[in-house]
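# Notes for the structure review
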Amino acid sequence: MDVVYFAWVRERIGLPRETVDTDATTVAGLVAELSAREDRYAMAFSDLSALRVAVDQELTDFDAALDGVREVAFFPPMTGG
C-alpha cells in the first residue's frame, strides 16, 4: 500500500510517500510497524493525538482496518478559514 505524509510529518520522516508491505491489520498496527523502523518514524508518530489519518482518502480513526486499502495518509489537524 502507499503511505503518504503531509506537512511536518513529511518533514520529520523525510519522504512525501512510500510503498510499504505490511502485516498490520489496522492503522494503529501500521503506525507501530513504521515507528519501529527508525527514530525519524518514531518521532513523527510519538503523539498520535497530534495526527489525523485518512484511509483511501476518507478521514478515519487509528483503529480502522487495512484490508484492501490502497492508501493511508498521515497529516496534522487542519484549521478552517
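Relevant structure appears above.
This structure is a prediction, so every number in the text was calculated from the model and none was measured.

Scoring rules and cut-offs
Residues numbered from 1 in each chain as written. Predicted model: local features only at pLDDT ≥ 70, side-chain atom pairs only at ≥ 80, totals over all residues. Heavy atoms only, no water. Pairing = 2+ DSSP bridges. Helix = DSSP H or I, 4+ residues; strand = E, 2+ residues; numbered from the N terminus. Axes fitted to C-alpha atoms, helices over the stretch in contact; angles between N-to-C directions. Contact = heavy atoms within 4.5 Å. Buried < 20%, exposed > 50% of the residue type's maximum accessible area, 1.4 Å probe, protein only.

## Examining the sheet that holds strand β5 (residues 71-75)
One open sheet accounts for five strands, arranged β2-β1-β5-β3-β4; its pairing is mixed. Edge strands, defined here as strands with exactly one partner in the open sheet, are β2 (17-19) and β4 (58-60). When strand polarity is set aside, the average angle formed by the axes of neighbouring strands in this sheet is 25°. Where strand β3 (residues 52-55) lies against β5, four bridges are found, and the strand directions are antiparallel. When the bridges of β5 are listed, Ala54 appears paired with Ala73. On the sheet, helix α2 (residues 27-37) packs against β1 (2-5), β2, β3 and β5 and is oriented at approximately 70° with respect to β5.

## Overview of the environment of Ala24
With respect to the helices and strands, the residue Ala24 is situated in the loop between β2 and α2. A sequence separation of 13 residues divides Ala24 from Glu11, and the C-alpha atoms of the two residues are 24 Å apart. Other than its neighbours up to four places away in sequence, Ala24 contacts Gly29, Leu30, Glu33 and Leu66.

## Some points on unusual backbone geometry
Residues other than glycine seldom take positive phi values, yet Ala7 does so here, at roughly 55°. The class for Ala7 is partly exposed, based on a relative accessible area of 31%. The residue Gln57 is not glycine, and still its phi comes out positive at about 65°. On the secondary structure map, Gln57 appears in the loop between β3 and β4.

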